[in-house]
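Each chain, written out:
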Amino acid sequence: MLKNVIFDMGNVLLSYNPEIPLDLFCTTREAKDLIRRELFEGPEWIQGDYGYITNEERYEPVSRRIPEEFHGQLRKCVDGWDICMQPVAGAMDFCRYVKDKGLGIYVLSNADTSFHEYFLHFTSEDFFDGVMVSSDVHMIKPERRLYEHFLNTFHLIPEECLFIDDRAENVEGAREVGIRGIVFQGDFESIRKNLSKHLTCTLV
């Protein structure tokens, strides 16, 4: 029996698209390509998700890898990248639907510590029964130990949980500890309508 739904944050509840700050803050194709590679795809991004560095602390090491002429644009991207974090269409309606059905509702996200600020673009964390952010516990999806820590923290039984994430490897990580999962492809209505076909539950 399904009792809990666990949501990823990025591109499930809030959209994550670094092209938005890159388009806004960078003035040349060269600057965009460099900052995309060194900031959003660089090692500091993962270090932030682990909680080893803050978002602010990303600037200095990344700046050492790009020409000084782009440092101003880099600074704007570091400080303002979360401008892209806007609610995904249908996400709040689906969250309310799950909650109205009496199910537990949780968030499990890979994110740096600034999550706790920009998540307000979606709603208060108090809306959920529990929120766990990778940077707070120094583990990231799809590491098995993170899912186990999540279940233990909130006293959840894996077989009673459904995990929704946009990345297949994260869903597979959840399945390895017994949590059922769905790879989110942008359509909450489809998930709601088809949930009963995949799960033994009352969400119909």
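Above: the structure in question.
None of these values were measured; they are calculated from a predicted model.

Some words on the pairing of strand β2 (residues 104–109)
- The buried fraction of β2 amounts to 6 of the 6 residues, a majority that puts the element mostly inside the structure.
- Here β2 shows a buried face lined by G104, Y106 and L108 and a second buried face lined by I105, V107 and S109.
- Of the pairings in the sheet, the one linking strand β1 (residues 4–7) to β2 comprises 4 bridges and is parallel in character. Residue pairing in the sheet places N4 in a bridge with G104 of β2.
- In this sheet, strand β3 (residues 130–133) lies alongside β2 in parallel orientation, the contact comprising 4 bridges. Its bridge partner being in β3, S109 is matched across the sheet by V133.

Focus: helix α2 (residues 29–40)
- For α2, spanning 12 residues, the distance from its first C-alpha to its last is 15 Å, which sits close to the expected 16 Å at 1.5 Å a residue.
- Buried within α2 are the following residues: A31, K32, L34, I35, R36, E38, L39 and F40.
- The inward-facing, buried residues of α2 contact α1 (19–25), α3 (43–50), α4 (59–63) and α5 (71–80).

Things to note about the pairing of strand β5 (residues 180–183)
- Relative to β5, strand β4 (residues 161–165) runs parallel, the two sharing 4 bridges. Residue pairing for β5: I164 is matched across the bridge by I182.
- In terms of handedness, the path from β4 via helix α10 (residues 168–176) over to β5 forms a crossover that is right-handed.

Section: the environment of V171
- The residue V171 is located in helix α10 in this model.
- Distance in space between the C-alpha atoms of V171 and F115 is 21 Å, their sequence separation being 56 residues.
- Here V171 is in contact with F163, D165, G181, I182 and V183, once residues within four sequence places are set aside.

Regarding the layout of surface pockets
- If you add up the space inside the largest pocket, you get close to 520 Å³.
- Along its surface, the largest pocket is lined by 25 residues, and Y16, W45, D49, N110 and R167 are the ones closest to its centre.
- Of the residues forming the lining of the largest pocket, the biggest block, 3 residues, is contributed by α3.
- For the lining of the largest pocket, the per-class residue count stands at 11 nonpolar, 5 polar and 9 charged.

Describing a nonpolar patch on the surface
- Side chains of I20, L24 and I83 sit close together on the surface and give an oily, nonpolar patch of about 260 Å² of accessible area.
- When you line up the elements, I20 lands in helix α1.

So, the packing of aromatic side chains
- For the structure on display, the rule yields 19 aromatic pairs.
- Both rings, one in W45 and one in W81, keep their centres 5.1 Å apart while their planes meet at 75 degrees; by these two values the pair is edge-to-face. You can see W45 sitting in helix α3 and its partner W81 sitting in the loop between α5 and α6 (91–100), a full 36 residues away along the chain. The same class applies to W45 as to W81, namely buried.
- Ring centres of Y106 and F154 lie 5.3 Å apart, and the angle between their planes is 50 degrees; on these two criteria the pair is classed as tilted. Of this pair, Y106 sits in strand β2 while F154 sits in helix α9 (residues 144–154), and the two are 48 residues apart along the sequence.
- Taken together, the ring pairs connect Y16, F40, W45, W81, F115, Y118, F119, F122, F127 and F128 into an aromatic cluster.
- Lying over the aromatic face of Y59, R75 brings its terminal NZ or CZ to 3.9 Å of the ring centre.
- Here R192 stacks its cationic end above the ring of Y97, 5.2 Å away from the centre of that ring.

Some points on the sheet that holds β3
- Ordered by their spatial adjacency, 5 strands build an open sheet running β3-β2-β1-β4-β5, and the pairing between neighbours is parallel. For this open sheet the edge positions go to β3 and β5, each flanked by a neighbour on one side alone. Each neighbouring strand pair of the sheet contributes to a mean axis angle of 20 degrees, computed without reference to strand direction.
- On the sheet, α6 packs against β1, β2 and β4 and is oriented at approximately 160 degrees with respect to β1.

About the cut-offs
- Residues numbered from 1 in each chain as written.
- Predicted model: local features only at pLDDT ≥ 70, side-chain atom pairs only at ≥ 80, totals over all residues.
- Heavy atoms only, no water.
- Buried < 20%, exposed > 50% of the residue type's maximum accessible area, 1.4 Å probe, protein only.
- Helix = DSSP H or I, 4+ residues; strand = E, 2+ residues; numbered from the N terminus.
- Pairing = 2+ DSSP bridges.
- Expected span 1.5 Å × (residues − 1).
- Contact = heavy atoms within 4.5 Å.
- Right-handed = clockwise from strand over helix to strand, strands pointing away.
- 1 Å grid on protein atoms, 1.4 Å probe; cavity = no way out; pocket = protein on both sides within 12 Å on 5 of 7 lines; lining within 4 Å.
- Points joined across faces, edges and corners; volume = space filled by probe spheres on them.
- Nonpolar A, V, L, I, M, F, W, Y, C, P; charged D, E, K, R; others polar.
- Patch = residues over 30% accessible without salt bridge, like charges linked within 9 Å, V, L, I, M, F, W, Y side chains within 5 Å.
- Areas by Shrake-Rupley, 256 points an atom, 1.4 Å probe, with all protein chains shown as cover.
- Salt bridge = Lys/Arg side-chain N within 4 Å of Asp/Glu carboxyl O.
- Phe/Tyr/Trp six-rings, centres within 6.5 Å; stacked < 30°, edge-to-face > 60°.
- Lys NZ or Arg CZ within 6 Å of the ring centre and 35° of its normal.
- Axes fitted to C-alpha atoms, helices over the stretch in contact; angles between N-to-C directions.

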